Amino acid sequence: MSTATKTLYETDFVEWADHTAELLRQGKFAEVDLEHLIEEVEGLAESDRHGVRSQMVRLLMHLIKLRIQPEREVTSWRTSIVNHCCPS
């Protein structure tokens, strides 16, 4: 990994990502900024975990509200439940 690549990661993330993808496509694995690539992959995984957790909490909250407060139901609760249970 060159110093220029590290600097690119720190100064222009989009360009770094494009450059890294191109190096991977070309099979130039020795030139890939592995330290930052690993960081980014881990970050994606954590972001996905957080997103799923957040959606599950919202779904459970709406299901609980419908169960214990059916008289206060609003359309958005049911819409949220349908969208989370049966995505198109």
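These figures come from a predicted structure and were not determined experimentally. (Residues numbered from 1 in each chain as written. Predicted model: local features only at pLDDT ≥ 70, side-chain atom pairs only at ≥ 80, totals over all residues. Heavy atoms only, no water.)

## Comments concerning the packing of aromatic side chains
Given two aromatic rings, one states the distance between the centres and the angle between the planes to describe the pair. This is how it is decided: Each Phe, Tyr or Trp ring, with Trp reduced to its six-membered ring, pairs with another whose centre is within 6.5 Å; inter-plane angles below 30 degrees give stacked pairs, above 60 give edge-to-face pairs, and intermediate values give tilted ones. Think of it in three bands: with a 1.4 Å probe and only protein chains considered, a residue is buried below 20% of the maximum accessible area for its type, exposed above 50%, and partly exposed in between.
Summed over all chains, the structure comprises three aromatic pairs. Ring centres of Tyr 9 and Phe 13 lie 5.9 Å apart, and the angle between their planes is 70 degrees; on these two criteria the pair is classed as edge-to-face. For Phe 13, a relative accessible area of 39% puts it in the partly exposed group. Connected via pairs of aromatic rings, a cluster forms that spans Tyr 9, Phe 13 and Trp 16.

## Here we look at helix 4 (residues 75-85)
Under the convention used in this document: By definition, any uninterrupted DSSP run of H or I lasting at least four residues is a helix, any uninterrupted run of E lasting at least two residues is a strand, and each is numbered from the N terminus. It is the directions from the helix axis to the C-beta atoms whose arc is reported. Should any heavy atoms of two residues lie within 4.5 Å, those residues are counted as being in contact.
Within the span of helix 4, buried status applies to Trp 77, Ser 80 and Ile 81. Angularly, the buried residues of helix 4 cover 100 degrees about the axis, an arc narrow enough to put them on a single face. Where helix 4 is buried, its residues touch helix 3 (34-68).

## Observations regarding helix 3
We apply this condition: To estimate how far a helix should extend, the number of its residues minus one is multiplied by 1.5 Å.
With 35 residues, helix 3 ought to run about 51 Å at 1.5 Å a step, and its terminal C-alpha atoms sit 51 Å apart, in line with that. If you check which residues of helix 3 are buried, you get His 36, Leu 59, His 62 and Leu 66.

## Describing the packing of helix 3 against helix 4
Quick reminder of the rule: Fitting a line to C-alpha atoms yields each axis, with helices limited to the stretch in contact; the angle taken between N-to-C directions then spans 0 to 180 degrees. By definition in this entry, angles of less than 35 degrees are roughly parallel, angles greater than 145 are roughly antiparallel, angles of 65 to 115 are roughly perpendicular, and the rest are oblique. The hand of a helix crossing depends on one turn: near helix anticlockwise from the far one by less than a right angle means left-handed, and clockwise means right-handed. Three categories are distinguished: nonpolar for Ala, Val, Leu, Ile, Met, Phe, Trp, Tyr, Cys and Pro, charged for Asp, Glu, Lys and Arg, and polar for the others, with Gly belonging to the last.
Contact geometry of helix 3 with helix 4 gives a least axis separation of 9 Å together with a crossing angle of 135 degrees. Comparing the axis directions of helix 3 and helix 4 gives the class oblique. Viewed along their axes, helix 3 and helix 4 form a crossing whose handedness is left-handed. Mapping the contact onto sequence places Gln 55, Arg 58, Leu 59, His 62, Leu 63, Lys 65 and Leu 66 in helix 3 and Trp 77, Arg 78, Ser 80, Ile 81, His 84 and Cys 85 in helix 4. Of the residues that constitute the contact of helix 3 with helix 4, the class distribution is six nonpolar, four polar and three charged.

## A closer look at the pattern of salt bridges
For clarity, the threshold we go by: Definition used for salt bridges: Asp or Glu carboxyl oxygen within 4 Å of a side-chain nitrogen of Lys or Arg.
Enumeration according to the criterion identifies two salt bridges in this entry. Residue Arg 25 pairs with Glu 22 through a salt bridge whose shortest N-O separation is 3.2 Å. Taken together, the residues span about one helical turn, with Arg 25 and Glu 22 both in helix 2 (residues 13-25) at a distance of three residues. Using a relative accessible area of 64% as the deciding quantity, one classes Arg 25 as exposed.

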